[in-house]
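Listed below are the residues making up each chain.
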Amino acid sequence: MKGIVFTEFLEMVEEKYGYEAVDRIIRQSKVPNDGAYTATGTYPSSEMHALLTTLCNAEQLSGDDVLTAFGDHLFRVFLKNYPWLITASKDSFQLLESVEGTIHVDVLKLYPDAELPRFQTTRLDEHTLEMIYQSDRRMSSLAVGLIMATARHFQEQITIETESLESTGKSVRFLIKK
Ligand code: HEM
């Protein structure tokens, strides 16, 4: 998993809970190198899950809620760092349909060792987009936060229905309506 995910996760924790919380979570998670991540480095996703679990236990939060909030944070970072990937679309459905074939393809050119989810999108009608998430990292709640932030960016009101396609959380279907 790319370092930007770690540096931005810790940045979000600092904004919401303060520097002491970051320090405590790094120590309690027992991640290597005292949590000294660099944005362009690559680290095991198990370290991300360790940091997330420690934060959730310390602050009594649900992992899904934290990942969804993190999706919102990450969208703002992506908009700042890669504006052209976002402004190329004219609405949320167009952007979401371009994640698999364009956005994440460009991410892979920038970071060849990025570990990305797979998305399959189908426009069911003018107001409904089906998006199927598949990833061994089981971070579909992060996708929910990114989808909600995408809609907000385009000033659209959407609802997201979520359905697990298997019990492991590796495959999830979103029904996005606007
Ligand atoms: C400009 C827009 C975007 C950029 C630059 C971007 C970039 C990235 C990067 C750098 C990662 C980390 C890869 C790694 O850790 O190795 C990532 C992961 C991820 N992206 Fe995107 N992304 C964008 C939009 C989106 C959107 C709109 C969605 C949701 C529909 C999405 C869903 C995800 C998810 C869920 C992951 C976590 C990894 C996983 O679940 O396997 N991304 N993306």
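Residues numbered from 1 in each chain as written. Predicted model: local features only at pLDDT ≥ 70, side-chain atom pairs only at ≥ 80, totals over all residues. Heavy atoms only, no water.

> What is the right way to read the pairing of strand E2 (residues 128-134) from this model?
Strand residues, when the strand is regular, have side chains that alternate between the two faces of the sheet. Along E2, six of the seven residues are buried, which leaves the element largely enclosed by surrounding structure. When strand E1 (residues 118-125) meets E2, the two strands line up antiparallel, connected through seven bridges. Within E2, the position partnered with Thr122 by the bridge is Glu130. The hairpin formed by E1 and E2 contains two residues between the paired strands. (Buried < 20%, exposed > 50% of the residue type's maximum accessible area, 1.4 Å probe, protein only. Helix = DSSP H or I, 4+ residues; strand = E, 2+ residues; numbered from the N terminus. Pairing = 2+ DSSP bridges.)

> Could you clarify how one ought to interpret the nonpolar core in this entry?
Inside soluble globular proteins, nonpolar side chains tend to come together where they are buried. The biggest cluster of nonpolar side chains holds 51 residues, and the ones touching the most others in it are Phe9, Met48, Leu51, Phe70, Phe174 and Ile176. Among the elements that line this core, the one with the most residues is helix H1 (residues 3-17), at seven residues. Counting only domains with at least three residues in this core, you end up with domain 1 (3-61) and domain 2 (67-177). Beyond its immediate chain neighbours, meaning those up to four positions away, Phe70 contacts Val5, Glu8, Phe9, Met12, Met48 and Leu142. (Core = buried A, V, L, I, M, F, W, Y, C linked by side-chain atoms within 4.5 Å. Domains from an automatic or database assignment. Contact = heavy atoms within 4.5 Å.)

> Teacher, can you tell me more about the site of the ligand here?
If you check the shell around the ligand, you find 28 residues, and the closest are Lys2, His104, Glu115, Tyr133 and Ser135. Within the backbone of Lys2, an N or O atom sits 2.7 Å from an oxygen atom of the ligand. Here an oxygen atom of the ligand and a side-chain polar atom of Ser135 are 2.6 Å apart. Only helix H5 (83-87), helix H6 (92-110), E2 and helix H7 (140-153) provide two or more residues apiece to the shell around the ligand. (Near = heavy atom within 4 Å. Polar contact = N/O pair within 3.5 Å; in protein donor to acceptor, adjacent residues only side chain to side chain.)

> Just checking my understanding: could you explain helix H2 (residues 19-29) for this structure?
For an α-helix, 3.6 residues make a turn, and residues three or four places apart therefore share a direction. For H2, the complete set of buried residues consists of Ala21, Val22, Ile25, Ile26 and Ser29. All buried residues of H2 lie within an arc of 130 degrees about the axis, which places them on one face of the element. Exposed side chains of H2 directed beyond 90 degrees from the buried face belong to Glu20 and Arg27. Looking at the buried positions of H2, the neighbouring elements they touch are H1 and helix H3 (45-59). Downstream of H2 by one or two residues, Lys30 has phi in the positive range, about 55 degrees. (Arc of directions from axis to C-beta.)

> For this particular structure, what's the right way to read the side chain of Glu8?
Within the element layout of this structure, Glu8 appears in helix H1. Look at Glu8: it is buried, it has no salt bridge, and the nearest opposite charge is Lys80 at 6.6 Å. (Lys, Arg positive; Asp, Glu negative; His and termini not counted. Salt bridge = Lys/Arg side-chain N within 4 Å of Asp/Glu carboxyl O.)

> I tried to follow the packing of aromatic side chains on my own but got confused; where do I start?
Remark: the centre distance and the inter-plane angle together describe each pair of aromatic rings, the angle taken between the planes. Within the structure shown, the criterion is met by seven aromatic pairs. When the centroid spacing of 5.3 Å and the interplanar angle of 85 degrees are considered together, the rings of Phe9 and Phe70 count as edge-to-face. Here the residue Phe9 occupies a position in helix H1, and Phe70 occupies one in helix H4 (residues 63-81), the gap between them amounting to 61 residues. When sorted by exposure, Phe9 lands in the same class as Phe70, which is buried. (Phe/Tyr/Trp six-rings, centres within 6.5 Å; stacked < 30°, edge-to-face > 60°.)

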